[in-house]
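Remarks on the overall topology
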Amino acid sequence: MPQYKLVYFNGRGRAEVARLLFAASGTKYEDHRIEKEQWPALKQKVPFGVLPVLEVDGKQYSQSGAVARYLAKEFGMMGCNNLEAFKIDEALENIKDLGQALMGLLFEKNEEEKAKKLQKIKEDLMPKTLKWFTNQLKENCTCGFLVGKKLSLADVAFFCLFNNVISMGHGKALDEAPTVKEHHTRIGNNAAIKKWVQTRPKTDW
């Protein structure tokens, strides 16, 4: 078994999907969290000068999406065949689109522009995303997962995304998509995921 070390800030952010994968798979790793004042000195020592970084037996790898996909493959959570892997990737791209749009709200300083971006999310991107996930869940309805017959990276990233939607105050959107809301609850009740969420460090983001 490789020795894993995940390096990120003391927050959920771009590292939380990886942490959830570690939790769901029961795989041991070092959750190394740094404070913002430590970042300038570390930035020159990591690939591309970005976090998170995953160390595998001491070698550093970067890019949160690549890290998540690698771990999912290692833990048997990237589908049972190429078509399932394709569907998982499709879900991840939809998750990324909404996640990046929500992240943009956090960094928008102009309140008028922020209001415009939020309106566009509420009227366009959020409904489209919820509809896509609703259809995907109904298509795979007998299994209780987004793709295939077991927990995958798609479910973990989905859970992480909609946790952020709720924490940012947009949880009412899920009331319009009961299938999505039920799936979020179902994944959150996975014993390993539930334990991690209850015991992880409490952070603002």
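Please read all numbers here as calculations on a predicted model, not as lab measurements.

Turning to the overall build of the protein chain, a few remarks are in order. A count of helices and strands for the protein chain gives 8 helices and 4 strands. Ordered by position from the N terminus, the helices and strands of the protein chain form the series β-α-β-α-β-β-α-α-α-α-α-α. The C-alpha radius of gyration of the protein chain comes to 17 Å, within 12% of the 17 Å expected for a compact globule of 205 residues. Its C-alpha atoms give the protein chain principal-axis dimensions of roughly 45 × 45 × 30 Å. For the protein chain, with 205 residues in total, the buried portion stands at 41%. Total accessible area on the protein chain is roughly 11,700 Å²; 52% of this is exposed by carbon and sulfur atoms. The distance from the centre of the 32 positive side-chain charges to the centre of the 25 negative ones in the protein chain is 2 Å.

On to the pairing of strand 2 (residues 30-34), then. Bridge count for strand 1 (residues 4-9) against strand 2 is 5 bridges, and the pairing is parallel. Within strand 2, the residue paired with lysine 5 across the bridge is glutamate 30.

Quick notes on the rules
Residues numbered from 1 in each chain as written. Predicted model: local features only at pLDDT ≥ 70, side-chain atom pairs only at ≥ 80, totals over all residues. Heavy atoms only, no water. Helix = DSSP H or I, 4+ residues; strand = E, 2+ residues; numbered from the N terminus. Rg over C-alpha atoms; globule rule 2.2 N^0.38 Å. Buried < 20%, exposed > 50% of the residue type's maximum accessible area, 1.4 Å probe, protein only. Areas by Shrake-Rupley, 256 points an atom, 1.4 Å probe, with all protein chains shown as cover. Lys, Arg positive; Asp, Glu negative; His and termini not counted. Charge placed at Lys NZ, Arg CZ, Asp CG, Glu CD. Pairing = 2+ DSSP bridges.

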